[in-house]
Structure formats: C-alpha cells, structure tokens
Amino acid sequence: MTQSLEFGLDTFGDVTTAVDGQLLAQPQVIRNVVEEAVLADRNGIDFFGIGEHHREDFAVSAPEVVLAAIASRTERIRLGSAVTVLSSDDPIRVFQRFSTLDALSNGRAEVILGRGSFIESFPLFGYDLSQYEALFEEKLDLFSQLATNDLINYQGDWRPPLVDQRIYPPMAEGHLKTWIGVGGSPESVLRAVRYDMRLMLAIIGGDPGRFAPYVELYRKASEQAGRPVGEIGVHSPGYVAESDEQARRDLFPHFKKIRDRLGRERGWPPVTERDFENEIEHGSLYAGSPETVAKKIVKLVRTLGVSRFQMKYSAGPMEHEKLMNSIELYGAKVIPLVRRLLAEPQT
C-alpha cells in the first residue's frame, strides 16, 4: 500500500486576507493559487485539484483555465478538478477542456465529477434545480462515453441526439482519468461502479470510519459487475503547522468563519471551539503538527484502504503565506512520515 498510495492537495480558491487583514482581490487569489500549486509540485505532491464556485468567497469559477496556467509551470504533478459540477455544465465542453489540459500538461489531467453541494451554478447557467438528479444522471451517461470512446452516439432528454460524432481534441494517450465525487449516497457509489469510474469520498466532517460501508459497497458491486475494483480516494480538510498548538491557533478563526458563513445559509448552528477540537481529535479535520497529521492519515488509510488522500489545504480567508508553509510541511514531512509508518508492522 505504501507504494500505491498517492497524496493530493485541493482548493476552492478561498478568498484570503493580506497581512493587514484586508481581503485580497480575487485576481490576486487566483495568482496565489498558481504559486501554491508550483510549490506542491516542487515538494513531490502527486495531485493538485481546484474546485468550481460562482460566489464572492471563492475566486475560481473556471478551474481548467487556472490548471492550464499551472501546467505550464510544473513538471510532474497531476492536475484536476475538485469537483466539476457536471449537472450545470455541458459534458462535451467539460471533456474538451480537460483533454486540452491533458495536452498542455503532457498527460497529467484528470477530472472529479459531482453534483456539487453548492447550487449557485444552476440559476447562473439557466438550469432548473428540480432536475438536479436527472441532469447529473443523463450528463454522466454521456460523459462516460466521451471518456472512453472515440465515436459518440447518444440520445437523451436535455440535448439533441449525437450520431457518430467525434470530439476534439482527443486524448493523446489512453482515456481521461475520471472519478465520481461521493458525499455519502449509496446510489452515487453504485453509479461510480456502473460507469466504471474511480470513487472519491468527500469526508468533510464526522468520523471517517462511517464511510467504510460505502467502500465495501463499491468493492462488492465492482466484483459483481466483473470489474477490477477502482481506485478509492478521500478528500478532507486539513492544515499543517510546526506544532499542534500553532495549527489550532492559526486555523480556528478561519475554520469558524467559513463554517458559520455556510451555516447561516444552510441552517447550521455556530461552530464552537469545542466543535473544532472534536473534529481534529475524532473527526475529519487533519490539522496539527506533521506527526499528528501523518498519524491521522495512516489511521484513515488503514480503516478505509484508500489509494489516495487529498487534503483541502485552503481554509477560508487564511493568509497565502500560511497556506504555503502548510503545503511545504505536507510535502516535506507529512508524506514521508506516512509512508514510513505504513511500512512498519502493526502492533
């Protein structure tokens, strides 16, 4: 497992603050995201993902454009989305953008598809929220063909039929590496199996162990379908500092800001410091010293048997400089320690 385990970082391009506490302009945040990805590449991190949003607290609405800029500045790190909201997009255009990214990056592109937990893209692009499920199902059906076939034939309710259609640019080699993002729905797990796609579990709160039944469902359904079990990844928030105390001191104000802002929209109560500490100690927040974060990742890998761990390193308005330090510690200290601990026999 230590040889196949991959480590990723992802961000939504959270709008961050300058050293004087003022929010940075979104264009500067986007430029900072590029620098963060370049640092991740230099530190040997395997994957860098960027999520799509259309609101004032997140700067990135066109992840593929930012990823293309990153591709021109990096050598080896794989590049992808986290997540592409397929329901409110055109599958053909999504594929074309990622096949273009694959060409620019010399074969390093991949995509994580999902329905999205934010809904602002639906009214923005003229989609009816009452069709939330149906749009995703139909568009995923088309995308599964685009990702694996050269000649496309498709008929659905949301667009005119496609007959013997080729899509350009094609992938230079092989097929587009595709994941389905799952937040805890058995139907989504089975959908990943049906379309023969990798499984990315978005575990953003609570005990990660509660996702074990979804991992088991994915494996059993794959076996019943006569397919090899695909890769399984986990996306969770985290932050690395020189010590546990420093990590908590740095992170809590920003963690509270973003959670309380979302809470006002979704009816959650305000986050307390005890809630925050409980997520670190027992939940899905990978925050602390390199040693603390590494041990928690090891526990997750052994519990769920995942092949990739992706840490959402952006944390609300936390300063770019602190995010850069977290990335460097993750690559230089956390990852080597995780590999070493996993190689040791369990006692």
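Just above, that's the structure.
Read on for a plain summary of the structure. (Residues numbered from 1 in each chain as written. Predicted model: local features only at pLDDT ≥ 70, side-chain atom pairs only at ≥ 80, totals over all residues. Heavy atoms only, no water.)

1. Digging into the pattern of salt bridges
- Tallied over the full model, the rule gives 26 salt bridges.
- For the salt bridge of D46 with R76, the shortest nitrogen-to-oxygen distance reads 3.3 Å. With D46 in the loop between α1 (26-42) and β2 (47-50) and R76 in the loop between α2 (63-71) and β3 (78-81), this residue pair connects regions lying 30 residues apart in the sequence.
- Among the residues examined, D46 registers a relative accessible area of 18% and is labelled buried.
- The residue K220 makes a salt bridge to E216 at a minimum N-O spacing of 3.9 Å. Here K220 pairs with E216, and both are found in helix α7 (residues 212-224), just four residues apart, close to one helical turn.
- Exposure remark for K220: the relative accessible area of 48% places this residue in the partly exposed category. (Salt bridge = Lys/Arg side-chain N within 4 Å of Asp/Glu carboxyl O. Helix = DSSP H or I, 4+ residues; strand = E, 2+ residues; numbered from the N terminus. Buried < 20%, exposed > 50% of the residue type's maximum accessible area, 1.4 Å probe, protein only.)

2. Overview of the nonpolar core
- If you look at the biggest cluster of nonpolar residues, it comprises 93 residues, and the most contacted ones within it are F48, F143, I297 and Y330.
- Of all the elements, helix α11 (residues 320-343) adds the most residues to this core, at 10 residues.
- Setting aside residues up to four positions removed in sequence, Y330 forms contacts with F7, G8, L9, I45, V240, I297, F309, M311 and I335.
- By size, the runner-up hydrophobic cluster in this structure holds five residues, among which are F12, F58, F118 and I258. (Core = buried A, V, L, I, M, F, W, Y, C linked by side-chain atoms within 4.5 Å. Contact = heavy atoms within 4.5 Å.)

3. Focus on the packing of α1 against α2
- At a minimum axis separation of 9 Å, α1 and α2 run at an interaxial angle of 45 degrees. The angle between the axes of α1 and α2 places the two elements in the oblique class. Taken as a pair, α1 and α2 cross one another with a handedness that is right-handed. Across the interface between the two elements, I30, V33, V34 and A37 from α1 touch V66, A69 and I70 from α2. (Axes fitted to C-alpha atoms, helices over the stretch in contact; angles between N-to-C directions. Parallel < 35°, antiparallel > 145°, perpendicular 65-115°, else oblique. Left-handed = near helix turned anticlockwise from the far one by under 90°.)

4. Comments concerning the pairing of β3
- For β2 and β3, the ladder comprises four bridges, and the chain directions are parallel. In the strand pairing of β3, G49 is matched with G80.
- Running through α2, the crossover from β2 to the neighbouring parallel element β3 is right-handed. (Pairing = 2+ DSSP bridges. Right-handed = clockwise from strand over helix to strand, strands pointing away.)

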